[in-house]
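# Coordinates in review
Residue strings, one per chain:
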Amino acid sequence: DSGVTQTPKHLITATGQRVTLRCSPRSGDLSVYWYQQSLDQGLQFLIQYYNGEERAKGNILERFSAQQFPDLHSELNLSSLELGDSALYFCASSVGTSGGEFFGPGTRLTVL
Amino acid sequence: GQQVMQIPQYQHVQEGEDFTTYCNSSTTLSNIQWYKQRPGGHPVFLIQLVKSGEVKKQKRLTFQFGEAKKNSSLHITATQTTDVGTYFCCNTNAGKSTFGDGTTLTVKP
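The rules behind each value
- Residues numbered from 1 in each chain as written.
- Chains lettered and ligands numbered in written order.
- Predicted model: local features only at pLDDT ≥ 70, side-chain atom pairs only at ≥ 80, totals over all residues.
- Heavy atoms only, no water.
- Salt bridge = Lys/Arg side-chain N within 4 Å of Asp/Glu carboxyl O.
- Helix = DSSP H or I, 4+ residues; strand = E, 2+ residues; numbered from the N terminus.
- Buried < 20%, exposed > 50% of the residue type's maximum accessible area, 1.4 Å probe, protein only.
- Pairing = 2+ DSSP bridges.
- Axes fitted to C-alpha atoms, helices over the stretch in contact; angles between N-to-C directions.
- Phe/Tyr/Trp six-rings, centres within 6.5 Å; stacked < 30°, edge-to-face > 60°.
- Lys NZ or Arg CZ within 6 Å of the ring centre and 35° of its normal.
- Contact = heavy atoms within 4.5 Å.
- Buried area = accessible area lost by both parts, 1.4 Å probe.
- Polar contact = N/O pair within 3.5 Å; in protein donor to acceptor, adjacent residues only side chain to side chain.
- Nonpolar A, V, L, I, M, F, W, Y, C, P; charged D, E, K, R; others polar.

## Section: the pattern of salt bridges
Overall, the coordinates contain five salt bridges over all chains when judged by the stated rule. Between Arg60 of chain B and Asp83 of chain B there is a salt bridge, with the nearest N and O atoms lying 2.9 Å from each other. With Arg60 of chain B in the loop between strand 6 (55-58) and strand 7 (61-65) and Asp83 of chain B in the loop between strand 8 (71-76) and strand 9 (85-93), the pair connects residues that are 23 residues apart, well separated along the chain. The buried category is assigned to Asp83 of chain B, whose relative accessible area is 5%. Through salt bridges with shared partners, one network takes in Arg63, Glu82 and Asp85 of chain A.

Next comes the structure, spelled out in structure tokens:
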């Protein structure tokens, strides 16, 4: 158990819909990262927040957005969902802005 | 992060044999992290290397960072069935993390 929690564990929804994934980092960690893992794309970095501020952006689609709240939990919002958005979404956290990251168990999103 | 190429994609070994996965970049890397992901699980951080020529050991696992900081390797001595999973290298640059495609290790008892 890494100490990072993610909800929900599974999510099944339809194309065109919007969903919100939630992440609580390890106690004391200020950085939160979001990743997408699919079979053909591997682990893709989406975005990083540090202490409430966006710090780095990866290959995140415009339909996706995220934020980190004052209590340091983070949410990833996915809208206008497409079949290709079906994937595992991981959240990770770390104390600082670099170094090893601790991953949560992931949310498996299925878009039908 | 910068592009990191990882080989091989798959490795099948007999229990007790050694295993090595390699991570290569065309540019100098400031750091390399290694992760292990068990089937159905999430990536687990193993180690970070930052110095040229650095070698670190964790029990049967040996991690190396090349002298030119363009390559890294993870070597497992005498594999066990508990070593199965996918091993990823990762580079972090300006907050962006780039993962290699991973090497999936299977171990035959």
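## Structural notes on the sheet that holds strand 8 of chain B
Residue and element names in this part refer to chain B. Reading across from one edge, 1-3-8-7-6 is the order of the five strands in this open sheet, with antiparallel pairing throughout. Single-partner strands in this sheet number two, and they are strand 1 (5-7) and strand 6. Ignoring which end each strand starts from, the neighbouring axes of this sheet average 15° apart. Sheet topology note: the strand 7/strand 8 ladder contains five bridges and is antiparallel. Note that in strand 8 the partner of Thr62 across the bridge is His75.

## Here's the deal with the packing of aromatic side chains
For the coordinates displayed, the defined rule picks out twelve aromatic pairs over all chains. Centroid distance Phe103 of chain A to Tyr35 of chain B: 5.6 Å. Interplanar angle 80°. Geometry classified as edge-to-face. Of the two residues, Phe103 of chain A sits in strand 10 (residues 102-103) while Tyr35 of chain B sits in strand 4 (residues 32-37), which places them in two different chains. Owing to a relative accessible area of 0%, Tyr35 of chain B belongs among the buried residues under this scheme. Between Phe19 of chain B and Tyr87 of chain B, the aromatic rings sit 5.7 Å apart at their centres with planes inclined by 45°, giving tilted as the arrangement. In this pair, Phe19 of chain B sits in strand 3 (residues 19-24) while Tyr87 of chain B sits in strand 9, placing the two residues 68 residues apart along the sequence. Given a relative accessible area of 1%, Phe19 of chain B falls into the buried group. The rings of Tyr35, Phe45, Phe90, Phe102 and Phe103 of chain A together with Tyr35, Phe45, Phe88 and Phe99 of chain B are connected pair by pair, giving a single aromatic cluster. Its end group placed over the ring of Phe102 of chain A, Arg26 of chain A keeps NZ or CZ at 3.8 Å from the ring centre.

## Remarks on the pairing of strand 4 (residues 31-38) of chain A
Residue and element names in this part refer to chain A. Along strand 4, eight of the eight residues are buried, which leaves the element largely enclosed by surrounding structure. Burial of the side chains of strand 4 extends over both faces: Ser31, Tyr33, Tyr35 and Gln37 are buried on one face and Val32, Trp34, Gln36 and Ser38 on the other. As judged from the eight bridges shared by strand 4 and strand 5 (residues 42-50), these two strands associate in the antiparallel manner. The residue of strand 5 that forms the bridge with Gln37 is Leu43. Sheet analysis places strand 4 next to strand 9 (residues 87-94), joined by seven bridges and oriented antiparallel. Looking at the pairing, Ser31 lines up with Ser94 of strand 9.

## With respect to the interface of chain A and chain B
Contact with chain A, which involves 17 residues of that partner, is made by 15 residues of chain B. A per-residue breakdown of the area chain A buries against chain B is headed by Leu43, Glu101 and Phe103 of chain A, which together make up 32% of the total. Taken together, chain A and chain B are joined by five residue pairs in polar contact (both at pLDDT 80 or more). When residues of the side of chain A that touches chain B are traced back to their parent elements, those giving at least two are strand 4, strand 5, strand 6 (53-57) and strand 10 of chain A. Residues that form the side of chain A that touches chain B fall into these classes: eight nonpolar, six polar and three charged.

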